[in-house]
Amino acid sequence: MGWLFLKVLLAGVSFSGFLCPLVDFCINGKTRGQKPNFVIILADDMGWGDLGANWAETKDTANLDKMASEGMRFVDFHAAASTCSPSRASLLTGRLGLRNGVTRNFAVTSVGGLPLNETTLAEVLQQAGYVTGIIGKWHLGHHGSYHPNFRGFDYYFGIPYSHDMGCTDTPGYNHPPCPACPQGDGPSRNLQRDCYTDVALPLYENLNIVEQPVNLSSLAQKYAEKATQFIQRASTSGRPFLLYVALAHMHVPLPVTQLPAAPRGRSLYGAGLREMDSLVGQIKDKVDHTVKENTFLWFTGDNGPWAQKCELAGSVGPFTGLWQTRQGGSPAKQTTWEGGHRVPALAYWPGRVPVNVTSTALLSVLDIFPTVVALAQASLPQGRRFDGVDVSEVLFGRSQPGHRVLFHPNSGAAGEFGALQAVRLERYKAFYITGGAKACDGSTGPELQHKFPLIFNLEDDIAEAVPLERGGAEYQAVLPEVRKVLADVLQDIANDNISSADYTQDPSVTPCCNPYQIACRCQAA
């Protein structure tokens, strides 16, 4: 049986932990009627099958499962790309990478970031009177005007990129393991290829580095504290708020946690899931005790699990990409197979979102931008087109279908970054190119071009195991429609106001609070 599923310089001063360009407005914060608050929580590298309510045999997500029972769970929900920066850029713009310019990840030494002519969700809501904050991973540029405080966020606390992109004194669990930061002078170390340089991982609060290297063992609790403080202060101000929490979990390195010992047989990954779940639970509890009736909480992920990390990677559930695994490599993160972009997703808003509902609507991270803008009674930026749509009717139980078509950009395993060569059309999925990312055993799958695309019927074959017969009636009926929707979107993009990201690199832009200390060390604030 098949499965159906899912500016330039802020003139600001600090007030109550926010960086505020309008001091009087922050102090005298005025109520904006019944405009809702928004909390968007984005997990990192979490598999669809990691959510207990979806699939997991071992229940490591009690708080998330409770949220699912109190709200809506989406089983056919998709990241807008299968890797970090492009997925996050699409969340904050509602546009695919071919439009917003972000088609691959930014580096520690990146000069640029999300193009400055792209308008973020935070900028739209800030103009609509919202207090805006981001806790966690940014990964859309950290140098100069690309910093989150210049992209619409009043408050920022977090790491500017992935937390494996710098050394720490508490390295946690990685595959292969990475060493701690150097403590003193010594010969340069021959690091593993997957380990970053001897520049320590920085933790920012607004424009300042407050800790370098970051203590990963206490990072989750710091995020929970800062998130709950933000909610409390924003609520007290009388203004509506947007809080974007971009978790470090479940990206490696997994932290050495202080949680109680797990029952025998539970994995390091399971312990990390439980820590993440606890963090989410603390944020939800704060919402429930402070602004429950008027706050929309949306939980999802940036892409599928990173299979090359072996036992430190999550579960794709039933989305095993069997056609690709027979060719070699992984069908998860960095690929356009379902395991790369189908992600867990939950919506929670007491009194508005129906309780204990499972939705099979075809939805995307791209939809967050236009949906939140509509609910905030704000206006979409002019002079550009969007790939996401307002899905309020789905969220409130008044409509079911969602999208008819989605496009899954190439994300590293095969083809040009950002190119649209995988098409979802209702229950069908077509591939004009295939390839497997690096798997646990180190293998990769060959890049294969398909003049006549592989087409899978996901209703009958959720594992993407056997494509339709090319000469069969079903294939012949679907193929013209696949070609048409792909040609239409490419023409639409060609006619759009598109951006181009600056991927130039310069070592001098590496975040460093004290260049005179080994590994850029500085004391925690």
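Here the residue index of a chain counts from 1 through its sequence in written order. In keeping with the predicted nature of the model, local features appear solely for residues at pLDDT of at least 70, side-chain atom pairs appear and are counted solely at 80 or more, and the whole-chain, interface and lining totals rest on all residues. Where side-chain values are given, they derive from all heavy atoms of the structure, hydrogens and water being excluded.

A closer look at the pairing of strand E12 (residues 345–348)
For step 1, the next point in the chain: Burial status follows relative accessibility: with a 1.4 Å probe on protein chains alone, a residue under 20% of its type maximum counts as buried, one over 50% as exposed, and anything between as partly exposed. Where helices and strands are cited, they refer to DSSP runs of H or I of at least four residues and of E of at least two residues respectively, numbered from the N terminus. What you see with E12 is no split at all: Ala 345 and Ala 347 on one side and Leu 346 and Tyr 348 on the other are buried throughout.
For step 2, the next point in the chain: Any two strands with at least two DSSP bridges between them are considered paired. With 3 bridges joining them, strand E4 (residues 72–74) and E12 adopt antiparallel strand pairing. Within E12, the position partnered with Met 72 by the bridge is Ala 347.
For step 3, the next point in the chain: In this structure, strand E11 (residues 295–301) lies alongside E12, joined through 4 bridges in antiparallel fashion. Along E12, the bridge assignment pairs Phe 299 with Leu 346.

Let's talk about the sheet that holds strand E17 (residues 428–434)
For step 1, the next point in the chain: The antiparallel open sheet is built from 4 strands, whose spatial order is E15-E16-E17-E18. The open sheet has two edge strands, strand E15 (405–409) and strand E18 (448–457), and neither has a second partner. Here the average twist between neighbouring strands, direction ignored, is 20°.
For step 2, the next point in the chain: Bridge analysis of E15 against strand E16 (residues 420–425) gives 4 bridges, and the strand direction is antiparallel. Bridge assignment links Phe 407 to a residue of E16, and that residue is Val 423.
For step 3, the next point in the chain: Most of the contacts of helix H12 (residues 473–494) go to E16, to which it runs at about 120°, and overall it touches E15, E16, E17 and E18. Comment: axis = line fitted to C-alpha atoms, over the contacting stretch for helices; angle = value between 0 and 180 degrees taken between N-to-C directions. In what follows, a contact means two residues having at least one pair of non-hydrogen atoms within 4.5 Å.

Considerations on the environment of Pro 213
For step 1, the next point in the chain: Locating Pro 213 in the fold gives a position in the loop between strand E9 (208–211) and helix H6 (219–237).
For step 2, the next point in the chain: C-alpha of Pro 213 to C-alpha of Cys 520: the two residues are 307 residues apart in sequence and 7.9 Å apart in space.
For step 3, the next point in the chain: Those residues in contact with Pro 213 that sit more than four places away from it in its chain are Cys 167, Thr 168, Asp 169, Cys 181, Ala 200, Leu 201 and Arg 521.

With respect to the sheet that holds strand E8 (residues 203–205)
For step 1, the next point in the chain: Read from one edge to the other, the open sheet built from 10 strands follows the order E9-E8-E7-E6-E10-E3-E11-E12-E4-E13, with strand pairing classed as mixed. Strands at the two margins of the open sheet, each flanked by one partner only, are E9 and strand E13 (357–359). Going from strand to strand, the sheet's axes swing by 20° on average, the running direction of each strand aside.
For step 2, the next point in the chain: With 7 bridges joining them, strand E3 (residues 37–43) and E11 adopt parallel strand pairing.

Quick notes on the state of the cysteines
Linking two cysteines covalently through their sulfur atoms gives a disulfide.
For step 1, the next point in the chain: Here, the term disulfide refers to a pair of cysteine sulfur atoms separated by no more than 2.5 Å. Per the counting criterion, the structure on display carries 5 disulfides.
For step 2, the next point in the chain: Between the sulfur atoms of Cys 178 and its disulfide mate Cys 195 the distance is 2.0 Å. One quick way to see it: the torsion about the S-S bond of Cys 178 and Cys 195 is about -95°, and its sign makes the bridge left-handed. With a gap of 17 residues between them, Cys 178 in the loop between strand E7 (155–158) and E8 and Cys 195 in the loop between E7 and E8 connect regions that are remote in the sequence.
For step 3, the next point in the chain: The exposure class of Cys 195 is buried, given its relative accessible area of 10%.
For step 4, the next point in the chain: There is a disulfide in this structure between Cys 513 and Cys 522, and the S-S distance comes to 2.2 Å. On the sign convention where negative is left-handed, the bridge of Cys 513 and Cys 522, at about -115° about the S-S bond, is left-handed.

Some words on the packing of helix H2 (residues 62–70) against helix H7 (residues 268–290)
For step 1, the next point in the chain: Close contact between H2 and H7 brings their axes to 7 Å; oriented N to C, the two are set at 45°. When the axes of H2 and H7 are compared, the pair comes out oblique. Touching Ala 62, Asn 63, Leu 64, Lys 66, Met 67 and Glu 70 of H2 are Met 276, Asp 277, Ser 278, Val 280, Gly 281 and Lys 284, all from H7.
For step 2, the next point in the chain: Each residue is assigned to one class: nonpolar for Ala, Val, Leu, Ile, Met, Phe, Trp, Tyr, Cys and Pro, charged for Asp, Glu, Lys and Arg, and polar for all the others, Gly among them. Of the residues contributing to the contact of H2 with H7, the split by class is 5 nonpolar, 3 polar and 4 charged. With respect to orientation, any angle under 35 degrees is reported as roughly parallel, any angle over 145 as roughly antiparallel, any angle of 65 to 115 as roughly perpendicular, and every other angle as oblique.

Describing unusual backbone geometry
For step 1, the next point in the chain: Residue Pro 176 is bonded to the preceding His 175 through a cis peptide linkage, with omega at 0°.
For step 2, the next point in the chain: With respect to the helices and strands, the residue Pro 176 is situated in the loop between E7 and E8.
For step 3, the next point in the chain: Here His 249 and Met 250 are connected by a cis peptide whose omega angle stands at 10°.
For step 4, the next point in the chain: Within the fold, Met 250 resides in the loop between strand E10 (241–246) and H7.
For step 5, the next point in the chain: Positive phi, normally seen in glycine, also occurs at Gln 334, with a value near 80°.
For step 6, the next point in the chain: Mapping Gln 334 onto the fold places it in the loop between helix H8 (322–327) and helix H9 (338–341).
For step 7, the next point in the chain: Since its relative accessible area comes to 23%, Gln 334 is described here as partly exposed.
For step 8, the next point in the chain: Here Glu 464, not a glycine, exhibits a phi torsion of approximately 50°, which is positive.

Some details on a nonpolar patch on the surface
For step 1, the next point in the chain: A residue counts toward a patch only above 30% relative accessible area and without a salt bridge, and it is joined to like-charged neighbours within 9 Å or, for Val, Leu, Ile, Met, Phe, Trp and Tyr, to nonpolar neighbours within 5 Å. Using a 1.4 Å probe, accessible areas were evaluated by the Shrake-Rupley method; residue-level cover was limited to the displayed protein chains. The term salt bridge refers to a side-chain nitrogen of Lys or Arg lying within 4 Å of a carboxyl oxygen of Asp or Glu. Residues Tyr 173, Val 256 and Leu 268 make up a contiguous nonpolar surface patch of about 230 Å² in total accessible area.
For step 2, the next point in the chain: With respect to the element layout, Val 256 can be found in the loop between E10 and H7.

Here we look at helix H3 (residues 84–93)
For step 1, the next point in the chain: Burial within H3 is extensive, with 10 of its 10 residues counted as buried.
For step 2, the next point in the chain: Every buried residue belonging to H3 is among Cys 84, Ser 85, Pro 86, Ser 87, Arg 88, Ala 89, Ser 90, Leu 91, Leu 92 and Thr 93, and all of these are buried.
For step 3, the next point in the chain: Tucked into the core, H3 has its buried residues touching E3, helix H4 (97–100), helix H5 (121–127), E10 and helix H10 (368–375).
For step 4, the next point in the chain: Two residues or fewer past H3, Gly 94 is found with a positive phi of approximately 70°.

Geometric descriptors of this kind do not, in isolation, establish any biological role.
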